[in-house]
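Structural overview
This is what each chain is made of:
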Amino acid sequence: MLFNSFEFILIFLPITFLVFFFLNHLGRGEASRIWLLGASLFFYGWWEPVYVPLILGSIIFNFGISQTFLKLKSKNRFFLQSWLVIGILSNLALLGYFKYADFFIENFNWSLDAKIELPHIILPLAISFFTFQQIAYLVDSYKGEVKESSFINYSLFVLFFPQLISGPIVHHKEMMTQFHQPTNKRFNINNVFSGVLIFFIGLFKKVVVADTFAIWASQGFDATETMALIEAWIASLSFTLQLYFDFSGYTDMALGVALLFNIHLPKNFNSPYKALNIRDFWRRWHMTLGRFLKDYIYIPLGGNRVGSFRLNINLITTFLLCGLWHGAGWIFIFWGVLHGIALVTYQFWSQMNIKMHYFFAGTLTFLFVNFSWVFFRAKEWKDATKILVGMLGFNGIGILNLTPIIYIVFFLGVVWKAKNSMQWAEQINNRSRAVYIALFLGTFAILQLNNFQISNDNTMKFIYFNF
Amino acid sequence: MKLLKIILTVCLSLMSFELFLTFSPFKGGVSPVQYDPDIGMWHKSNFQYVNSNDCYNTKYEFDGNGLIKNHYNFNPDKQDVIILGDSYIEALMIKNKNIVHNSLYREYGGRLNFLNFGLGGTGPTQHLEILKKFANIRRAKYLIEFVSLDEGWGRDLEEVDPREFGWSNRPLVHLKFSDLDHYEIFKPPTMNIKEKIREFLAQFELYGYLRKTLKYYKSKLSVNDSDISKIPYGSRDWTTSWGQIKGSVFQINKLAKANHIGHRVIVFSPDRNHNKVISAFLELQEIPFVDLVDELEKLKIDLNSITFSCDGHWNDETHRLFARIIRSKFSLEN
């Protein structure tokens, strides 16, 4: 089910919300959690019910291993380590089968001139997210940092529908303590106001802003053979803005919905296009993925406690894997490596201790990110080349199309200069102001949502659903 | 006070949405026509907008007289060719350079000015009044009239009296022929308050959006419109319709002759029974004509391939093709 669908907004969410608090009101805390769990499974299964057993199987398997850690903590270390390795490899194997089978076979066929048929497996929704979340849980559990003995609680940690599909990637300790707090079992009007406001900000960002830029990005990336300078820049900047408003819109909706249930999910965005360098960018963009990569890949590889050569290799390896996590293709790997190289370059630059004026630093960072998104969006290498050749002006200047240019200039101003939605929502402490803003944005976004419905009989999917 | 603020907030949101629709790729369309006391409606002058559907997103434009804009420079030293037709000729979904009048201009080497008086929802009876009211007959050398005679393809046989449809967005002038030479003109009714409000609202994107929304949810709920075309095919008595069509074509021809204008009729009639009736009439009146369906059959072109996939109107290639066919049939000497 999509957050930007009428069935979610008008039926699923109100019913889930009301029954959850009704059960809590009756003092049935356990029943309310089971209800939320059932609702989350329904939310997941709405897209493709056939994958519900898959996610349940994954949950049972990982919960089983974590219980082994809990019960056999006194046993020898090797035994526990073996279980951890089995757990992690099994999770990666599941991800590998569903997400990377075609990619591996394609490369195998190419390198050995073999002709193995591609299985074309449909990617189960959210598999990258719930796999990473559970690997993190296994590692934390192995270290003894989490001790969850309730299957219901563990399942809810993985399945809680606001964060299930596209994150934020949460830690167990961030989530489950909140479900157990007695105050969180009570209906909280302040959280409802804030939640609704943040949800509508997110919905507006998605259906009004991101989906508008999606049209211009798609015209450039998918529909045009050659691109002149202006058209190529319109296409690349449109995608840069589309991706930000799409994913941060989704995150806002997730945070807003979770807040209705008195759950505070971690922030995932902090005005990333305001970053003054590439490290700063990764501290602001998809923050929970960055945290995961740092805690579970970069630091175990040695992090910055090793020599500068190893550190640089660690950075590039981490981002290579980041690229691979985003998509099974060389183009995604290239995108990841590009960011790894940029971080290594930044590392050298900071060691030289030369300060760059913040305007140039910000512009340079943004231009690099915009350049790298071209590879992220392109379906094939030739699409990326087409856009880059156009951006460099090799195909002439092109025709001035004012409407997308006005939108791009305006929303670049927003992402560079305005407060982000979280800062905005935090500052609105006046409840009636929040109501009017939510009403304005909500009305606008629902009208546009309906526009998609009546025009295509469909709603636009989120970009990160592909990962 | 709170209620007032809520209403104001919603109104502000609606106004912002109207602006967004107007200046975004989601333009749905505003009304391109305005009330005309003689025809019922006519194109707004110097108007341009975008016509969007799943398979096209076309910018269209009218000139100062409300005609479909030319893709060539009008030369007052050359004589004109007046083109009459319905929405197939008006062609708001076709790129301007491909619309039949612009294609004909190219086919005839720019020797004459081709002027497009096409208007959606019209048939021969309305064409006569459009010709009398808007065209400068004295400048014209030829007159090309498109007559469509089948359900789903323009439906002139059904549409002789637009009032039967009860649609307010159609040109409501009606001519009732007692015989070829005698007819009565029923002027469009004056606009009532409801129509005035509707015309005002139709200038806004939100109006079209609302209509589209209602249509969508009505279709989801399977509420059927009572539409004249739902009458089983073949069971219709066309006597009156033929009378109106023949009378109008006759009168247009009479007007053309009086002004020394060459009258040509382009028939589009997938129903071969209809084709026989109109062909016999045109031959009797000695009006040169061409049946496009005959020509398509000769070229072995499937009728289903000449329209848009999301809309029954002729596509860009069809407009160019029909211009070539007309060129091959009529020399239109200067």
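The written sequence of each chain sets the order in which its residues are numbered from 1. All chains are assigned letters beginning with A, and all ligands numbers beginning with 1, in the order in which they are written. Selection of residues for local features in this predicted model requires a pLDDT of at least 70, selection of side-chain atom pairs for listing and counting requires 80 or more, and totals for whole chains, interfaces and linings are taken over all residues. To obtain the side-chain values, all non-hydrogen atoms of the structure were used and water was disregarded.

**What to know about the overall build of chain A**
Our working definition: Counting from the N terminus, the helices are DSSP H or I runs at least four residues long and the strands are E runs at least two residues long. In this setup the radius of gyration rests on C-alpha atoms only. A globule is expected at 2.2 Å times the number of residues raised to 0.38. Burial here depends on accessible area, computed with a 1.4 Å probe over protein chains only, as a share of the maximum for the residue type. Under 20% is buried, over 50% is exposed, and the range in between is partly exposed. Each accessible area is a Shrake-Rupley estimate made with a 1.4 Å probe; only the visible protein chains count as cover when residues are assessed. Note on charges: Lys and Arg go in the positive column, Asp and Glu in the negative column, and His and the chain ends are not counted at all. Lysine's charge is taken at NZ, arginine's at CZ, aspartate's at CG and glutamate's at CD.
Helix and strand content of chain A: 19 helices and zero strands. Its C-alpha radius of gyration of 23 Å places chain A within 12% of the 23 Å reference for a compact globule of 467 residues. Each principal axis of the C-alpha atoms in chain A carries an extent, and together these give about 70 × 55 × 50 Å. Burial analysis of chain A (467 residues in total) assigns 57% to the buried set. Entry remark: accessible area of chain A is about 20,600 Å², with carbon and sulfur atoms responsible for 66%. For chain A, the distance from the average position of its 34 positive side-chain charges to the average position of its 23 negative side-chain charges is 14 Å.

**Quick look at the environment of B:Ala140**
Residues and elements named next belong to chain B. This is how the line gets drawn: By the convention used here, residues are in contact when the closest approach between their heavy atoms is within 4.5 Å.
In this fold, Ala-140 is placed in strand β7 (residues 140-148). Taking relative accessible area as the criterion, Ala-140 reaches 5% and is therefore assigned buried. Here Ala-140 is in contact with Gln-79, Asp-80, Ile-82 and Ile-261, once residues within four sequence places are set aside.

**Details of the pattern of salt bridges**
Residues and elements named next belong to chain A. Our working rule: Any carboxyl oxygen of Asp or Glu within 4 Å of a side-chain nitrogen of Lys or Arg constitutes a salt bridge here.
Tallied over the entire structure, the rule returns 23 salt bridges over all chains. Of the charged contacts, one joins Lys-206 and Asp-246 as a salt bridge, the two residues approaching to 2.8 Å between their closest N and O atoms. Of this pair, Lys-206 sits in helix α9 (residues 189-223) while Asp-246 sits in helix α10 (residues 229-260), and the two are 40 residues apart along the sequence. Asp-246 sits in the buried class, given a relative accessible area of 1%.

**Some thoughts on the interface of chain A and chain B**
Between chain A and chain B, the residue contacts involve 24 residues of the former and 23 residues of the latter. The tally of links between chain A and chain B comes to zero salt bridges. Listing elements by their share of the side of chain A that touches chain B, those giving two or more residues are α9, α17 (402-417) and α19 (431-456) of chain A. Per element, the largest residue contribution to the side of chain A that touches chain B is 15 residues, and it comes from α19(A).

**Observations regarding helix α4 (residues 77-112) of chain A**
Operational definition: Here, expected helix span is obtained from the residue count minus one, scaled by 1.5 Å. Note that bend, as reported per residue, equals the angle between axes fitted to the 7 residues terminating at that residue and the 7 residues originating from it.
Over its 36 residues, α4(A) extends only 41 Å from the first C-alpha to the last, a length that falls short of the 52 Å expected when each residue adds 1.5 Å. Roughly 75° is the biggest bend found in α4(A), and it falls at A:Tyr100.

**Considering unusual backbone geometry**
Of note in this structure, A:His286 is not a glycine but carries a positive phi near 40°. With respect to the helices and strands, the residue A:His286 is situated in the loop between α11 (278-284) and α12 (287-298).

**Examining helix α7 (residues 239-258) of chain B**
Turn by turn, an α-helix covers 3.6 residues, leaving residues three or four places apart pointing in a common direction. Residue and element names in this part refer to chain B. Here α7 contains 20 residues, and its C-alpha end-to-end distance of 28 Å stays within 8% of the 28 Å for a straight helix at 1.5 Å per residue. Among the residues of α7, Ser-241, Trp-242, Gln-244, Ile-245, Gly-247, Ser-248, Val-249, Phe-250, Gln-251, Ile-252, Asn-253 and Ala-256 are the ones counted as buried. Of the residues trailing α7, His-260 is marked for its positive phi of about 60°.

**Brief notes about the state of the cysteines**
In a disulfide, the sulfur atoms of two cysteines are held together by a covalent bond. Residues and elements named next belong to chain B. Put simply, the rule reads: Cysteine sulfurs are considered disulfide-paired once they come within 2.5 Å of each other.
Tallied over the full model, the rule gives one disulfide over all chains. A sulfur-sulfur separation of 1.9 Å characterises the disulfide bridge that pairs Cys-55 with Cys-310. One quick way to see it: the torsion about the S-S bond of Cys-55 and Cys-310 is about -75°, and its sign makes the bridge left-handed. Linking Cys-55 in the loop between β3 (48-53) and β4 (56-61) with Cys-310 in the loop between α9 (292-298) and α10 (316-329), this pair joins segments that are 255 residues apart in sequence.

**Comments concerning the confidence of the model for chain B**
Residue and element names in this part refer to chain B. What counts, and what does not: Think of pLDDT as the predictor's per-residue confidence, scored from 0 to 100.
Mean pLDDT over chain B stands at 86; residues scoring 70 or higher make up 89%. β3 is the least confidently modelled element of chain B, averaging 82 in pLDDT, while strand β6 (residues 113-116) averages 96, the highest of any element. Scored as a whole, the predicted complex attains pTM 0.81, and scored at its interfaces, ipTM 0.83.

**A look at the packing of α7(B) against helix α8 (residues 272-284) of chain B**
Residues and elements named next belong to chain B. Selection rule: For helices, the fitted line uses only the C-alpha atoms of the stretch in contact; every axis is such a line through C-alpha atoms, and the angle between N-to-C directions lies from 0 to 180 degrees. Helix crossings get a hand from a simple test, with the near helix turned counterclockwise from the far one by less than a right angle marking a left-handed crossing and a clockwise turn marking a right-handed one. Any residue that is not Ala, Val, Leu, Ile, Met, Phe, Trp, Tyr, Cys, Pro, Asp, Glu, Lys or Arg is counted as polar, Gly included; the first ten are nonpolar and the last four charged.
Look at α7 against α8: their axes get within 11 Å of each other, and the N-to-C directions meet at 35°. Regarding α7 and α8, the two cross each other, and that crossing is right-handed. Contacts between α7 and α8 involve Trp-242, Ile-245, Lys-246, Val-249 and Phe-250 from the first element and His-274, Val-277, Ile-278, Phe-281 and Leu-282 from the second. Of the residues in the contact of α7 with α8, the class split is eight nonpolar, one polar and one charged.

**Side note on the nonpolar core**
The condition is simple: Only buried Ala, Val, Leu, Ile, Met, Phe, Trp, Tyr and Cys residues count toward a nonpolar core, and they belong to the same one when joined by side-chain atoms within 4.5 Å.
A:Phe8, A:Tyr44, A:Phe261, A:Trp285 and A:Trp373 are the most contacted members of the largest nonpolar core, which has 159 residues in total. Sort the elements by how many residues they give to this core and α10(A) lands first, with 19 residues. Setting aside its immediate chain neighbours within four residues, A:Tyr44 contacts A:Tyr51, A:Val52, A:Ile55, A:Pro124, A:Leu125, A:Ala126, A:Phe130, A:Leu164 and A:Ile165. If you look at the next biggest cluster of nonpolar residues, it comprises 52 residues, including B:Tyr72, B:Leu84, B:Ala256 and B:Trp314.

**Observations regarding the packing of aromatic side chains**
For the record, the criterion: Between the rings of Phe, Tyr and Trp (Trp by its six-membered ring), a pair exists once the centres lie within 6.5 Å; its type follows the angle of the planes, with under 30 degrees stacked, over 60 edge-to-face, and the other angles tilted. Cation placement over rings: the criterion is NZ of Lys or CZ of Arg within 6 Å of the ring centroid and within 35° of the ring normal.
As enumerated under the stated definition, the model contains 97 aromatic pairs over all chains in all. Look at A:Tyr244 and A:Tyr273: their rings are 5.4 Å apart centre to centre, the planes differ by 55°, and that puts the pair in the tilted class. One end of the pair, A:Tyr244, is in helix α10; the other, A:Tyr273, is in the loop between α10 and α11, and 29 residues separate them in sequence. Each of the two residues, A:Tyr244 as well as A:Tyr273, counts as buried. Note that A:Lys99 overlies the ring of A:Trp325, its terminal NZ or CZ placed 5.4 Å from the centroid. Just above the ring of B:Phe330 sits the side chain of B:Arg264; from NZ or CZ to the centre is 5.5 Å.

**Details of a nonpolar patch on the surface**
Residue and element names in this part refer to chain A. Stated formally: Residues enter patches when they are more than 30% accessible in relative terms and free of salt bridges; like-charged ones are connected within 9 Å and nonpolar ones (Val, Leu, Ile, Met, Phe, Trp, Tyr) within 5 Å.
Taken together, the side chains of Leu-276, Trp-349, Met-352, Ile-354, Met-356, Tyr-358, Phe-359, Phe-360 and Leu-364 define a hydrophobic patch exposed on the protein surface, amounting to about 930 Å² of accessible area. Among the elements that line the nonpolar patch, the one with the most residues is helix α15 (residues 358-377), at four residues. Along the chain, Phe-360 falls in helix α15. Judged by its relative accessible area of 53%, Phe-360 is exposed.

**Considering the packing of helix α3 (residues 52-71) of chain A against helix α5 (residues 127-142) of chain A**
Residues and elements named next belong to chain A. Cut-off, in case you're wondering: Every angle not falling under 35 degrees, over 145, or within 65 to 115 is termed oblique; those three ranges are roughly parallel, roughly antiparallel and roughly perpendicular.
Packing of α3 against α5 brings their axes to within 9 Å, and their N-to-C directions diverge by 10°. The angle between α3 and α5 places the two elements in the roughly parallel class. Two secondary-structure elements touch here, α3 through Leu-54, Ile-55, Ser-58, Ile-59, Asn-62, Ile-65, Ser-66 and Phe-69 and α5 through Ile-127, Phe-130, Gln-134, Tyr-137, Leu-138, Ser-141 and Tyr-142. Of the residues assigned to the contact of α3 with α5, the class counts are ten nonpolar, five polar and no charged.

**Structural notes on the pairing of β4(B)**
Stated precisely, the cut-off is as follows: We call two strands paired when DSSP finds no fewer than two bridges between them.
The two faces of β4(B) differ: B:Tyr56, B:Thr58 and B:Tyr60 on one face are buried, but B:Asn57, B:Lys59 and B:Glu61 on the other face are not. Hairpin connection between β3(B) and β4(B): a loop of two residues separates the two successive antiparallel strands.

**Details of the environment of A:Leu343**
All names here are of chain A. Examined against the element boundaries, Leu-343 turns out to sit in helix α14 (residues 330-352). Here Leu-343 falls in the buried class, since its relative accessible area comes to 6%. Spatially, the C-alpha atoms of Leu-343 and Lys-382 are 26 Å apart, while their sequence positions differ by 39 residues. When sequence neighbours within four positions are dropped, the list of residues in contact with Leu-343 reads Ile-278, Arg-279, Trp-282, Leu-315 and Phe-319.

**Looking at the side chain of A:Asp140**
All names here are of chain A. Residue position: Asp-140 is located in helix α5. Of the side chains bearing the opposite charge, Lys-173 lies closest to the buried Asp-140, which forms no salt bridge; the N-O distance is 4.6 Å. When neighbours within four sequence positions are excluded, Asp-140 is seen to be in contact with Glu-145, Val-146, His-171 and Tyr-296.

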